[in-house]
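Inside the fold
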Amino acid sequence: MNNDIIERLEQLETRLAFQDDTIEQLNQEITTQGYETARLKEQLNLMVNKLKDWQHNQTDTPGEEPPPPHY
């Protein structure tokens, strides 16, 4: 009976060690993904701003563009 308890405790300790390792790996992955998400959001914001600037420049000066060659 005593050996059964010791064996169960050892199994629980082993499982706990694996779970701790898994939790640490998942935490590292979530942290990495958080940084990557922040970087991608920053890049997206830059692209949106560039697109807005480009569109603004395209619609601001339609009269300043030279006429097409067929005029």
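Before any of the text, the structure's been laid out above.
Since this is a predicted model, take the numbers as computed values, not measurements. For every chain, the first residue of its written sequence is number 1, and the numbers climb from 1 along that sequence. Local features in a predicted model are, by the rule used here, given only for residues with pLDDT of at least 70; side-chain atom pairs are given and counted only at 80 or more, and totals for whole chains, interfaces and linings are based on all residues. Working from all heavy atoms in the structure, the side-chain values ignore hydrogens and water.

**Digging into the overall build of the chain**
A run of H or I in DSSP becomes a helix once it reaches four residues, and a run of E becomes a strand once it reaches two; helices and strands are each numbered from the N terminus. Secondary structure summary: the chain contains 1 helix and 0 strands in total. Within the chain, the fraction of its 71 residues that count as buried is 0%. If you sum the accessible surface of the chain, you get close to 7200 Å²; carbon and sulfur atoms cover 57% of it. Any residue under 20% of the maximum accessible area for its type is buried, any over 50% is exposed, and the rest in between are partly exposed; the area is computed with a 1.4 Å probe on protein chains only. All accessible-area figures derive from a Shrake-Rupley calculation using a 1.4 Å probe, and residue coverage is judged against the displayed protein chains alone.

**Quick notes on the pattern of salt bridges**
Just to be clear on terms, a salt bridge is a Lys or Arg side-chain nitrogen sitting within 4 Å of an Asp or Glu carboxyl oxygen. Tallying each qualifying case throughout the model produces 1 salt bridge. The partner of Arg-39 in a salt bridge is Glu-36, and the shortest N-O contact between them spans 2.6 Å. Taken as a pair, Arg-39 and Glu-36 lie in helix H1 (residues 2–60) at a separation of 3 residues, close to a single helical turn.

**Thoughts on a nonpolar patch on the surface**
Within the patch definition used here, like charges are joined within 9 Å and nonpolar side chains (Val, Leu, Ile, Met, Phe, Trp, Tyr) within 5 Å, considering only residues with over 30% relative accessible area and no salt bridge. Residues Met-1, Ile-5, Leu-9 and Leu-12 make up a contiguous nonpolar surface patch of about 460 Å² in total accessible area. Along the chain, the position of Leu-9 falls in helix H1. Leu-9 gets classed as partly exposed once you look at its relative accessible area, which sits at 48%.

**Focus: a negative patch on the surface**
A surface patch of negative charge is lined by Asp-4, Glu-7, Glu-10 and Glu-13. Looking at the element boundaries, Asp-4 is found in helix H1. Positive charges come from Lys and Arg, negative ones from Asp and Glu, while His and the chain ends are left out of the count. Charge positions are represented by NZ for Lys, CZ for Arg, CG for Asp and CD for Glu.

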